[in-house]
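# Breakdown of the fold
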2 protein chains.
Amino acid sequence: MLLPVPLQNLINALSRLPGIGPKTASRLTFYLLHASDDLPNDLAEALLALKSGTAYCPICFNITAAGREMCEICESRDRSNGVVCVVEEPMDVLALERTGGFAGRYHVLQGALSPIEGISPEDLRIRELIERVRAGGIQEIILATNPSMEGDATAMYLRQQLLPLGVRVTRLARGLPVGGDLEYADQSTLLRALAGRQDMN
Amino acid sequence: MLLPVPLQNLINALSRLPGIGPKTASRLTFYLLHASDDLPNDLAEALLALKSGTAYCPICFNITAAGREMCEICESRDRSNGVVCVVEEPMDVLALERTGGFAGRYHVLQGALSPIEGISPEDLRIRELIERVRAGGIQEIILATNPSMEGDATAMYLRQQLLPLGVRVTRLARGLPVGGDLEYADQSTLLRALAGRQDMN
């Protein structure tokens, strides 16, 4: 009530971000009020460019810069085509890349199966994954969905779909903490999980 | 390196906010990527309007909407002119207003004296406060600067300047945790601090 509308608007907008409550939103707003002119403008520009400047790679469906034919990983000639690591989200690609333990390609599902949230196979990039396998040249699919209920269900579903195609299907080793989120795993845990991956027969 | 430039730009800009590290900035960025179009745009608009839409009240130097002659508190006819509460920042006004225990006017210094940070009396709205007292009609000045070293030094300095003007000068009671920040105090602590204010003679 006592706050000028422009401040209240920014506090409201910041409060819609995950993990940011009204108190943190107020702190950030008052900080931005005193900050150099650059910061609010830089932030606003970056926000406006976020969606217009990005696109999904048409091969692996990772996030990439708009206007590119494919993402840097799909384009790279130094990576093996025979192994494809299937993850839920772009951030999972980043987490795996940070380990330096994987030199194949990726496939980003853009989510996981979840009957509760109404996410079915058609909502994920599963058809596109099967097409990639059918096109040939892939010997192994590493299922690196989260070690959660949804991630496990997605892995089981993909296993059913992929095994008949004659490809080897593996799952990241259970070095990952169960119920956790892949992107929070530390690098050595992720490395061990990569190394200890198991056949799904 | 693997992130598209628009994502990296937003992560960098968010990381410049206090309390937001690169990891949180990444989370927020990927959240915004999937969020409805409204949220990034609403945030950007609010950021751009932040400085252009706000101004300082020419009487108390609190933040107010741009274009107003004075802020709502200075304008109100239901408040007493005889008592002025002096605070460091606009957020401190909010904290005191939330207690419902003060019905006078405010004066926002816009900081506190700090030789280390090079903040001297001329950098604060002290001259304007003295002018308000000289203009007459003020019986009491409540010094509600933070109970920190800088806030105490500022209060001591203001006491020296104000007592010769024949005004009563009080300081919020030491119910406040020493070394803390006024805006974090809970309402009952602030109420007791208001009620137990002491004369500075």
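Described below are features of the structure shown in this document.

### Details of the environment of A:C60
All names here are of chain A.
- Position of C60 relative to the elements: it lies in the loop between β1 (54–56) and β2 (63–65).
- In the structure, C60 is positioned 46 residues away from Y106 in sequence and 5.9 Å away in space, judged by C-alpha atoms.
- Not counting residues within four places of it along the chain, the set of residues in contact with C60 comprises C71, C74, Y106, H107, V108 and R132.

### Notes on helix α7 (residues 149–162) of chain A
All names here are of chain A.
- With 14 residues, α7 should reach 20 Å at 1.5 Å per residue; the first-to-last C-alpha distance of 20 Å fits that figure.
- Looking only at α7, the buried set comprises G151, T154, A155, L158, R159 and L162. Take α7 and look down its axis: the buried residues cluster within an arc of 140°, on one side only. Facing away from the buried surface of α7 by more than 90 degrees, the exposed residues are M149 and Q160.
- Residues of α7 that are buried make contact with β3 (83–87), α6 (126–134), β5 (140–143) and β6 (168–171).

### Focus on the sheet that holds strand β5 (residues 140–143) of chain B
All names here are of chain B.
- Pairing in this open sheet of five strands is mixed, and the strands run β4-β3-β5-β6-β7 from one edge to the other. Each of the sheet's edge strands pairs with one partner strand only, and the pair in question is β4 (105–108) and β7 (198–199).
- Both strand β3 (residues 83–87) and β4 contribute to a ladder of four bridges, which runs parallel. Bridging across to β4, C85 finds its partner in Y106.
- In this fold helix α5 (residues 90–99) packs onto β3 and β4, with an angle of close to 155° to the strand it touches most, β4.

### Points about the side chain of A:T54
- Here A:T54 shows up in strand β1.
- Reaching out from A:T54, the side chain makes a polar contact with the backbone oxygen of A:L50 at a distance of 2.7 Å.
- Apart from the residues within four sequence positions on either side, A:T54 is in contact with A:A49, A:I63, A:T64, A:A65, A:A66, B:P4, B:P6, B:L7 and B:L33.

### Focus on the packing of aromatic side chains
Residues and elements named next belong to chain A.
- Taken as a whole and assessed by the stated rule, the structure comprises two aromatic pairs over all chains.
- Between F102 and Y106, the ring centres sit 5.2 Å apart and the planes meet at 65°, which makes this aromatic pair edge-to-face.
- Residue classification places F102 among the buried positions, given a relative accessible area of 11%.

### Describing the interface of chain B and chain A
- Between chain B and chain A, the contact holds 56 residues from the first and 56 residues from the second.
- Summing the contributions of chain B and of chain A, the shared interface buries around 5,200 Å²; its carbon and sulfur component is 74%.
- Put simply, chain B and chain A have two salt bridges between them.
- A salt bridge links A:R16 to B:D42; the nearest nitrogen and oxygen atoms lie 2.9 Å apart.
- Summed over the shared surface of chain B and chain A, the number is eight residue pairs in polar contact (both at pLDDT 80 or more).
- When residues in the side of chain B that touches chain A are grouped by element, the largest group, 13 residues, is from helix α3 (residues 38–52) of chain B.

Cut-off values and rules
- Residues numbered from 1 in each chain as written.
- Chains lettered and ligands numbered in written order.
- Predicted model: local features only at pLDDT ≥ 70, side-chain atom pairs only at ≥ 80, totals over all residues.
- Heavy atoms only, no water.
- Helix = DSSP H or I, 4+ residues; strand = E, 2+ residues; numbered from the N terminus.
- Contact = heavy atoms within 4.5 Å.
- Expected span 1.5 Å × (residues − 1).
- Buried < 20%, exposed > 50% of the residue type's maximum accessible area, 1.4 Å probe, protein only.
- Arc of directions from axis to C-beta.
- Pairing = 2+ DSSP bridges.
- Axes fitted to C-alpha atoms, helices over the stretch in contact; angles between N-to-C directions.
- Polar contact = N/O pair within 3.5 Å; in protein donor to acceptor, adjacent residues only side chain to side chain.
- Phe/Tyr/Trp six-rings, centres within 6.5 Å; stacked < 30°, edge-to-face > 60°.
- Buried area = accessible area lost by both parts, 1.4 Å probe.
- Salt bridge = Lys/Arg side-chain N within 4 Å of Asp/Glu carboxyl O.

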